[in-house]
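Secondary and tertiary structure notes
Chain by chain, the residues:
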Amino acid sequence: LYRKAVAKELPTFLLIGPSGAGKTTLLTLFANGSPSPTHTSQEPQSAVCQLPSSARSSEDRYRSENDTSAQAQPKLALLDTPGHGKLRHHATSSLTTGSSLKGLIFVVDSAAVSSAAGLTEAAEYLHDVLLLLQKRHTQSKTSKDPQAIPVLVAANKQDVFTSLPAGLVRTKLEEEIAKVRRTRSKGLLDSGIGMDEGAGGDEETNWLGEYGTTDFKFSQMGEHGVEVSVRGGNAKGDGGESGKVNQWWEWVGGNI
Ligand code: GTP
Ligand code: MG
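Residues numbered from 1 in each chain as written. Chains lettered and ligands numbered in written order. Predicted model: local features only at pLDDT ≥ 70, side-chain atom pairs only at ≥ 80, totals over all residues. Heavy atoms only, no water.

Points about the overall build of the chain
Our working definition: Going along the chain from the N terminus, every DSSP run of H or I of four or more residues is numbered as a helix, and every run of E of two or more is numbered as a strand. Residue exposure (1.4 Å probe, protein chains only): buried if accessible area is under 20% of the type maximum, exposed if over 50%, otherwise partly exposed. Residue contacts are defined here by distance: any two heavy atoms, one from each residue, within 4.5 Å place the two residues in contact.
Helices and strands together make up the secondary structure of the chain, namely 6 helices and 8 strands. Put simply, the chain runs from its N terminus to its C terminus through helices and strands in the order β-α-β-β-α-β-α-β-α-α-β-β-β-α. Going through the 256 residues of the chain one by one, you find that 45% of them count as buried. The long-range fraction of contacts in the chain, counting pairs at least 24 apart against all pairs at least 6 apart in sequence, stands at 75%.

Spelled out as structure tokens, the structure:
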């Protein structure tokens, strides 16, 4: 008996990150080809986008260079979430549900992370998101949900002259996440949570990356099934024109 699959769910990518980072701007750019003016988001919203022909999808990898047969570029759903601290449950709840979730785009304002406050905000949010993915992976070893969710850290606003280049955004975030990790684990010890489970216990499950290390590197997420890439771009250009987002489209294409 052969039955056609019921309307397959589109591969979904989640936009997440601090308020003002440029998530909604990126959503409008990916969906319409040019960025629209935005307001601070209070609700999640989604849009259907199509991979531009300049970006190769993962299926294309196996096609010969000489294969010129027309192939429709794949479609995807992009889900934008509000970055305000009190509205982040929208983002975190979509992380634990949704089987068609293919990847997570964590948008940061590359100029804002050059200030201590901006860096801390981004690092705390990213730490919490990565820890959720890590726990998801740990739990999936016993249940059957093996799907790994890769993370793109989109170092946005590269057009702003005070912005840090992507490589520096990466190391600054890694250093700051190491601090967040230390603070959180100290908080746990002080509060006594996990103490009755003996050494390790809860403290180890709540520790991001390689347990007990001083430095945090995104590569430590590999052993937890989370591949993190950091790439620069800008959702908006100088004169409000569409910015440079090729590297992000390429990442999406490779993970679709
Ligand atoms: P929340 O909805 O509050 O979580 O913020 P958001 O991440 O959706 O930010 P939004 O897309 O609304 O962008 C915030 C501001 O940054 C807007 O004024 C955008 O025009 C501006 N912006 C976004 N991307 C860029 C960029 O690449 N370069 C420059 N110069 N400005 C940008
Ligand atoms: Mg928004």
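Digging into the site of ligand 1
Our working rule: What makes a residue near a molecule or strand is one non-hydrogen atom of that residue sitting within 4 Å of it. For the purposes of these results, a polar contact is taken to be a pair of N or O atoms within 3.5 Å, where, inside protein, one atom must be able to donate a hydrogen and its partner to accept one; residues adjacent in sequence count only when each atom of the pair is a side-chain atom. In this description, accessible areas are obtained by the Shrake-Rupley approach with a 1.4 Å probe, and a residue is regarded as covered only by the protein chains that are shown.
The environment of ligand 1 is formed by 20 residues, the closest being Ser-19, Lys-23, Thr-25, Thr-38 and Gly-83. Between ligand 1 and Asp-159, the relevant distance is 2.8 Å, taken from a nitrogen atom to a side-chain nitrogen or oxygen of the residue. Interatomic distance of 2.9 Å between a backbone N/O atom of Ala-235 and an oxygen atom of ligand 1. Against a free-state accessible area of 650 Å², the protein chains account for coverage of 84% of ligand 1. Mapped onto the shell around ligand 1, the elements with two or more residues apiece are α1 (23–32) and β7 (234–236).

Observations concerning the coordination of the magnesium ion (ligand 2)
This is how the line gets drawn: Because no water is among the atoms considered, metal sites can look incomplete, with donors defined as N, O and S atoms within 2.8 Å of the metal, or 3.2 Å for Na, K and Ca.
For the magnesium ion (ligand 2), the full set of protein donor atoms is Thr-24 (OG1) and Ser-41 (OG), at a range of 2.0 Å. With a gap of 17 residues between them, Thr-24 in helix α1 and Ser-41 in the loop between α1 and β2 (45–50) connect regions that are remote in the sequence. By the burial criterion, Thr-24 is buried, and Ser-41 matches it.

Some details on the side chain of Gln-134
Mapping Gln-134 onto the fold places it in helix α3 (residues 116–140). Sequence-distant contacts of Gln-134, defined by excluding residues within four places in its chain, comprise Thr-205, Trp-207, Leu-208, Gly-209, Met-221, His-224 and Val-226.

With respect to the environment of Thr-213
In this structure, Thr-213 sits in the loop between α5 (201–205) and β6 (228–232). In this structure, the C-alpha to C-alpha distance between Thr-213 and Ala-178, residues 35 residues apart in sequence, is 8.9 Å. Among the polar contacts made by the side chain of Thr-213, one reaches the main-chain carbonyl oxygen of Asp-215 at a distance of 3.4 Å.

A short note on the side chain of Ser-94
With respect to the element layout, Ser-94 can be found in helix α2 (residues 89–96). Under the relative-accessibility criterion, Ser-94 is labelled buried at 15%. The contacts of Ser-94, once residues within four sequence positions are left out, are Leu-14, Leu-79 and Leu-101.

Some points on the pattern of salt bridges
Going by this rule: By convention in these notes, a salt bridge is any Lys or Arg side-chain nitrogen within 4 Å of a carboxyl oxygen on Asp or Glu.
Scanning all chains against the criterion turns up 5 salt bridges. Asp-128 serves as the salt-bridge partner of Arg-184, at 2.5 Å between the closest nitrogen and oxygen. With Arg-184 in helix α4 (residues 166–191) and Asp-128 in helix α3, this residue pair connects regions lying 56 residues apart in the sequence. Its relative accessible area of 34% is what places Arg-184 among the partly exposed residues.

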